[in-house]
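Observations on the model geometry
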Amino acid sequence: MSRPLPPVEDIRALVGHRFPGGHYTIAHWENFLLTECTGSEPLPDDIAHPVALFHVPILGAGTSIGEMFALGQADSDASIGIESYDWEFFKPLREEHPYRIDAEITEADRREENGRMFDRIAFRFDLKDELGEPAARTTITWHYNRGKR
Amino acid sequence: MKVQVGDDIPAWDMPSVLPERMRTMAAILRDPNPVHWDRRVCAKIGFGDHTINQGPLGLSYMVNMLHAWTGPESIRRIKMRFPQAVLDGDHVIARGKVTALREENGERLADCDIWLQRDGTEPPLEGSATVKLPD
């Protein structure tokens, strides 16, 4: 059963929401399995596969995919669509190195296109290495589909 | 490495997107979305008997293409859009083309269009990448 349409004010109020932040260390086993899922051989010199730039920021910021769905009052897990990812690497991510992650919601608004209504929410994550230097930045933009209106 | 605008990046082939890898990926990502591991849910939303590949996993095929071309430390930026779902059993090929060459902070960079090719459909994933070219 569909949930009621959340008030647009609730969605817009998400802009500026900050996640707790925290640290994340990519374990060797985790990177091995992750890399294997991509169809690649393990990378040299303890380099983490760049696809880690999806889950490492989310978990390291002290949130989860489930919480991000809930913040936007997703109708259901299956109602989420990906608009885009923007991944910037200032240096390669490596296994067994702690990264500091800070994150916030930078955009949140309601859209209607081709008779389809959705809420568009952008999450930005900043990663710093042990020296406090920027390691990566990612912006995830999702659509919370609200069905045909 | 000699690179020119308009050059094609050597393609990277994923002959069949495997549902087992989606399940492993879901566990690593702590991704509760059943569309990646429960075919019954996918059938209800119109995807038939196929689970939906995670977005990052589809993107990773283009990462692998770029790594094979310019090395595992070369990627500086990727911007990706996801107009269509990639499903288990799909044969997809990562492709790319050089659109610009420039220098920044002493690095020789190549800007590229990148996409996944799937026969019979528009590219399910498409975007751009910037890589550092080897000396």
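Residues numbered from 1 in each chain as written. Chains lettered and ligands numbered in written order. Predicted model: local features only at pLDDT ≥ 70, side-chain atom pairs only at ≥ 80, totals over all residues.

Next up on the list: the overall build of chain B. Within chain B one finds 3 helices and 5 strands. The helix and strand sequence of chain B, counted from the amino end, reads β-α-α-α-β-β-β-β. Out of the 135 residues in chain B, the part that is buried amounts to 44%. Of the contacts formed within chain B by residues at least 6 apart in sequence, a portion of 65% connects residues at least 24 apart. (Helix = DSSP H or I, 4+ residues; strand = E, 2+ residues; numbered from the N terminus. Buried ≥ 20, exposed ≤ 12 C-beta atoms within 10 Å, placed from the backbone. Contact = placed C-beta atoms within 7 Å.)

So, on to the pairing of strand E4 (residues 116-128) of chain A. Residue and element names in this part refer to chain A. Note: strand E3 (residues 98-113) against E4, 13 bridges, orientation antiparallel. Looking across to E4, one finds that Arg-111 is bridged to Phe-118. Adjacent in sequence and paired antiparallel, E3 and E4 are bridged by 2 residues, among which Asn-114 carries a positive phi angle near 55 degrees. The pairing of E4 with strand E5 (residues 134-148) spans 12 bridges and is classified as antiparallel. Bridging across to E5, Arg-124 finds its partner in Thr-139. (Pairing = 2+ DSSP bridges.)

Looking at chain B, pLDDT values average 96 and 100% of them are 70 or higher. Across the assembled chains, the prediction reports ipTM 0.94 with pTM 0.94. (pLDDT = per-residue confidence, 0-100.)

To continue, consider the pairing of E5 of chain A. Relative to E5 of chain A, strand E2 (residues 80-89) of chain A is paired through 9 bridges, and the arrangement is antiparallel. Paired with Phe-89 of chain A across the bridge in E5 of chain A is Ala-136 of chain A.

Another aspect to go through is helix H3 (residues 55-70) of chain B. All names here are of chain B. The end-to-end C-alpha separation of H3 is 23 Å, in line with the 22 Å expected for 16 residues at 1.5 Å each. When you tally the buried positions in H3, you get 15 out of 16 residues, the bulk of the element. Gly-71 lies just past H3 and shows a positive phi near 105 degrees. (Expected span 1.5 Å × (residues − 1).)

At the interface, 32 residues of chain B touch 31 residues of chain A. Those elements that place two or more of their residues in the side of chain B that touches chain A are helix H1 (19-29), H3 and strand E2 (75-81) of chain B. The element that contributes the greatest number of residues to the side of chain B that touches chain A is H3 of chain B, accounting for 8 residues. In terms of residue class, the side of chain B that touches chain A is built from 19 nonpolar, 5 polar and 8 charged. (Nonpolar A, V, L, I, M, F, W, Y, C, P; charged D, E, K, R; others polar.)

Let us look at the sheet that holds E2 of chain B. Strand order across the open sheet formed by 10 strands is E1(A)-E3(A)-E4(A)-E5(A)-E2(A)-E2(B)-E5(B)-E4(B)-E3(B)-E1(B), with antiparallel pairing between neighbours. Each edge of the open sheet is held by one strand with a lone partner, namely strand E1 (22-25) of chain A together with strand E1 (8-14) of chain B. On average, adjacent strands in this sheet sit at an angle of 25 degrees to one another, irrespective of strand direction. Alignment of E1 of chain A against E3 of chain A, held across 4 bridges, turns out to be antiparallel. What sits directly across from Tyr-24 of chain A, in E3 of chain A, is Tyr-99 of chain A. Strands E2 of chain A together with E1, E2, strand E3 (92-104), strand E4 (107-117) and strand E5 (126-132) of chain B of the sheet are contacted by H3 of chain B, whose axis makes an angle of about 130 degrees with E1 of chain B. (Axes fitted to C-alpha atoms, helices over the stretch in contact; angles between N-to-C directions.)

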